[in-house]
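# A look at the structure
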Amino acid sequence: CDACDLVRYCSDKCQQDHRPQHETMCKERVAELRDEILFRQPETSHMGECPICFLPLPLDHQKSVMQSCCGKVICHGCSYANKLREREARLQQTCPFCRRHLPKTQEEADLNKMKRVVGNDPVAMRNIGKKHYDNGDYETAFEYLTKAAELGDA
């Protein structure tokens, strides 16, 4: 059957003869296939994948975090799981990806990001560009975002 792919017929006549028995099952399967297609999660997004769990990163930037030490963007789920692990084991906070100690101040984190920008890291450039954009410095933001795009960042 072309609609549900549950049965194969040797001819159009066989398909027409079997139609009354097959019709209910076919309609149910077509609805299932429609739901599968409609609600299927995309395999990836333009944001890429979390390097820890390999799930697509959320489109909402508020649900992921860029690590200033290694430049990786981590989903909040992996970041949260790492924090729980560290809290339970009474460990010092580290990056979930590279395990370096987290910066103690925002200035230290910004310095790490600028080091990555100097090294032509497109993710760090996009992050710095977004920060300038949020602060209203559109000209500088445009420069960073353009350079990030030239280096392959979406």
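Criteria and thresholds
Sequence order as written defines the numbering, with residues in each chain counted from 1. This being a predicted model, a pLDDT of at least 70 is required before a residue's local features are given, and a value of 80 or more before pairs of side-chain atoms are given or counted; all residues contribute to the totals for chains, interfaces and linings. Computation of side-chain values covers all heavy atoms of the structure but excludes hydrogens and water. The helix count covers DSSP runs of H or I at least four residues long, the strand count covers runs of E at least two residues long, and both are numbered beginning at the N terminus. All radius of gyration figures rest on C-alpha atoms, and the globule criterion is 2.2 Å times the number of residues raised to 0.38. Exposure is judged per residue with a 1.4 Å probe applied to protein chains only, and the accessible area is read against the type maximum: over 50% gives exposed, under 20% gives buried, and values in between give partly exposed. Contacts: residue pairs with any heavy atoms within 4.5 Å of one another. To get an axis, a line is fitted to the C-alpha atoms, and for a helix only the part in contact is used. The angle between two axes follows their N-to-C directions and goes from 0 to 180 degrees. Here roughly perpendicular refers to angles of 65 to 115 degrees, roughly parallel to angles under 35, roughly antiparallel to angles over 145, and oblique to all remaining angles. Helix crossings fall into two classes, left-handed where the near helix is turned counterclockwise from the far one by less than a right angle and right-handed where it is turned clockwise. Under the scheme applied here, ten amino acids are nonpolar (Ala, Val, Leu, Ile, Met, Phe, Trp, Tyr, Cys and Pro), four are charged (Asp, Glu, Lys and Arg), and all others, including Gly, are polar. Each reported salt bridge corresponds to a side-chain nitrogen of Lys or Arg within 4 Å of a carboxyl oxygen of Asp or Glu. Given the number of residues in a helix, its expected span is that number minus one, multiplied by 1.5 Å.

Turning to the overall build of the chain, a few remarks are in order. Per the secondary structure count, the chain includes five helices and two strands. Computed over its C-alpha atoms, the radius of gyration of the chain comes to 25 Å, more than 25% above the 15 Å expected for a compact globule of 154 residues. When each of the 154 residues of the chain is scored for burial, the buried share is 27%. Long-range pairs, those at least 24 residues apart, make up 34% of the contacts in the chain with a sequence separation of at least 6.

In contact at an axis separation of 8 Å, helix H3 (residues 106-118) and helix H4 (residues 122-134) are set at 130 degrees when each is read in the N-to-C sense. By the angle between their directions, the pair H3 and H4 is classed as oblique. For the pair H3 and H4, the crossing hand works out as left-handed. When H3 is examined against H4, the residues Gln106, Asp110, Lys113, Met114, Arg116 and Val117 are found in contact with a partner set consisting of Ala124, Met125, Asn127, Ile128 and Lys131. Grouping the constituent residues of the contact of H3 with H4 by class yields five nonpolar, two polar and four charged.

What follows covers the pattern of salt bridges. Considering all chains together, one arrives at eight salt bridges under this definition. Measuring nitrogen to oxygen at the nearest pair gives 3.7 Å for the salt bridge that ties Glu23 to Lys27. Remark: Lys27 and Glu23 occur in helix H1 (residues 12-39); sequence separation between them is four residues, near one turn of the helix. The exposure class of Lys27 is exposed, given its relative accessible area of 56%. The partner of Arg116 in a salt bridge is Asp121, with the nearest N and O atoms 2.8 Å apart.

Moving on to the side chain of Ser68. Checked against the element boundaries, Ser68 lands in the loop between strand E1 (64-66) and strand E2 (73-75). With residues near it in sequence (within four places) discarded, Ser68 still touches Pro103, Ala109, Asn112, Lys113 and Arg116.

For H4, built from 13 residues, the straight-helix expectation of 18 Å at 1.5 Å per residue is met to within 8% by its first-to-last C-alpha distance of 18 Å. Of the positions making up H4, those classed as buried are Pro122, Val123, Ala124, Met125, Arg126, Ile128 and Gly129. Buried-residue contacts for H4 involve E1, E2, H3 and helix H5 (138-150). Positive backbone phi, at 90 degrees, marks Gly136, one or two positions downstream of H4.

So, about unusual backbone geometry. With the exception of glycine, the majority of residues adopt a negative phi angle, and the majority of peptide bonds are in the trans configuration. Residues other than glycine seldom take positive phi values, yet Phe54 does so here, at roughly 65 degrees. Relative to the helices and strands, Phe54 resides in the loop between H1 and E1. Phi angles above zero are rare outside glycine, and Asn120 is one such case at about 60 degrees. Within the element layout of this structure, Asn120 appears in the loop between H3 and H4. The exposure class assigned to Asn120 is partly exposed, which follows from its relative accessible area of 39%.

Running from N to C, H4 and H5 point in directions that differ by 160 degrees, and their axes come no closer than 8 Å. Relative to H5, the element H4 is oriented roughly antiparallel. Crossing geometry of H4 relative to H5 is assigned as left-handed. Contacts between H4 and H5 involve Pro122, Met125, Arg126, Ile128, Gly129, Lys130, His132 and Tyr133 on the former and, on the latter, Tyr138, Thr140, Ala141, Tyr144, Leu145, Lys147 and Ala148. For the contact of H4 with H5, the per-class residue count stands at nine nonpolar, three polar and three charged.

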